[in-house]
Structure formats: C-alpha cells, structure tokens
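Below, each chain spelled out in residue letters.
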Amino acid sequence: SDCLWIVKPHASSQGKGIHLLKDISELPTNTRNVVSQYVHNPLLIQGLKFDLRIYVLVTSFDPLRCYVYREGLTRFASKPYSTAREHLGDRYRHLTNYS
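The sections below set out a description of the structure shown in this document. Note that the coordinates shown come from a computational prediction; the quantities given were computed from them, not determined experimentally. (Residues numbered from 1 in each chain as written. Predicted model: local features only at pLDDT ≥ 70, side-chain atom pairs only at ≥ 80, totals over all residues. Heavy atoms only, no water.)

**A few points about the overall build of the protein**
This is how it is decided: The secondary structure listing takes helices from DSSP runs of H or I that are at least 4 residues long and strands from runs of E that are at least 2 residues long, numbered from the N terminus. C-alpha atoms define the radius of gyration in this analysis, and the globule rule sets the expected value at 2.2 Å times the number of residues to the power 0.38. Contact between two residues is taken to exist if any of their heavy atoms lie within 4.5 Å; hydrogens are not considered. Accessible surface area values rest on a Shrake-Rupley calculation with a 1.4 Å probe, where residue burial reflects the displayed protein chains alone. We count Lys and Arg on the positive side and Asp and Glu on the negative side, and we leave His and both chain ends out. We put the charge of a Lys on NZ, of an Arg on CZ, of an Asp on CG and of a Glu on CD.
What the protein contains, in helices and strands, is one helix and seven strands. Ordering the α and β elements of the protein from the N terminus gives β-β-β-β-β-β-β-α. Since a compact globule built from 99 residues should have a radius of gyration of about 13 Å, the 17 Å found for the protein marks it as more spread out than a globular shape. Reported as C-alpha extents along the three principal axes, the dimensions of the protein are approximately 45 × 35 × 25 Å. Considering only intrachain contacts with a sequence separation of at least 6, the fraction spanning at least 24 residues in the protein is 44%. Total accessible area on the protein stands at roughly 7,500 Å², and carbon and sulfur atoms take up 53% of it. Computed over 13 positive and 8 negative side-chain charges, the inter-centroid distance for the protein is 6 Å.

Quick look at the structure:
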C-alpha cells in the first residue's frame with residue numbers, strides 16, 4: 001500500500017520520538033503510541049509543510065461567544081516536503097515543532 005503512518009509517543013512534546021512508517025507492521029508493539037495515517041497530499045507553501053497556531057477564547061457555548069486573538073503563529077518545516085524513502089527519517093521535512 002502507498003499509505004504512510006505517523007507515530008507519536010503518547011507522552012512526548014516538541015516532536016521528540018515522532019517518526020514515519022511505510023509499513024504498519026513495523027510498528028513496535030511494546031510501546032504506547034498514537035498512530036495516524038499520514039496526510040497523502042498536504043497543502044504546502046513553497047514546497048514546505050506548515051502549521052497555523054490561532055488562539056481563541058470561548059466564553060460561552062449557548063449562545064456561542066468566542067474571541068480570536070489578533071496575532072497568531074505560523075511555523076514551517078525547514079526542508080522541502082518529500083515522501084521518498086530516504087527522506088522519511090528527516091524530521092526537518094515533516095515536522096514544524098522540532099525545538
């Protein structure tokens with residue numbers, strides 16, 4: 001299959017321990033992870049993956065009342081996106097939060 005899987009340790013942050021798999025059977029069974037099918041054709045900006053962080057405060061649900069903070073954050077991967085086998089381990093192509 002042409003599916004890719006993204007594997008994230010269940011209690012980690014800042015991109016630590018995240019990796020991609022081409023074959024789900026390679027997933028270790030002795031650790032706790034969150035596993036998702038990787039987006040096949042992600043939206044890119046100039047060939048780079050990105051994410052948007054927008055801050056919203058919800059003060060009421062009925063009636064719905066929320067406030068969007070004027071400033072947000074955009075983070076970019078630092079290398080062009082590629083799903084070639086030799087690039088699957090390159091976190092700089094796939095992650096925007098590798099601090």
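This is not the end of the story, as more comes after the structure.
**Quick notes on the pattern of salt bridges**
Short version of the rule: We define a salt bridge as a side-chain nitrogen of Lys or Arg found within 4 Å of a carboxyl oxygen belonging to Asp or Glu. Exposure is judged per residue with a 1.4 Å probe applied to protein chains only, and the accessible area is read against the type maximum: over 50% gives exposed, under 20% gives buried, and values in between give partly exposed.
Per the counting criterion, the structure on display carries three salt bridges. Between Lys79 and Asp90 there is a salt bridge whose closest N-O contact spans 3.2 Å. Taken as a pair, Lys79 in the loop between strand S7 (73–76) and helix H1 (91–94) and Asp90 in the loop between S7 and H1 lie far apart in primary sequence, eleven residues in all. The salt bridge partner of Asp90 is Arg93, with a shortest N-O separation of 3.1 Å. Here Asp90 falls in the buried class, since its relative accessible area comes to 14%.

**Some remarks on the nonpolar core**
Our working definition: To qualify as a nonpolar core, a set must consist of buried Ala, Val, Leu, Ile, Met, Phe, Trp, Tyr and Cys residues joined through side-chain atoms within 4.5 Å.
Counting residues in each nonpolar core, the largest one holds eight residues, listed as Leu4, Ile6, Ile18, Leu20, Tyr38, Tyr81, Leu88 and Leu95. Beyond its immediate stretch of four places on either side in the chain, Leu4 contacts Leu21, Lys22, Ser36, Gln37, Tyr38, Thr83 and Leu88.

**A short note on unusual backbone geometry**
At the junction of Asp62 and Pro63, the peptide bond is cis and its omega measures out at 5 degrees in the coordinates. Within the secondary structure, Pro63 sits in the loop between strand S5 (56–61) and strand S6 (64–68). Although it is not a glycine, Gln46 adopts a positive phi angle of roughly 50 degrees.

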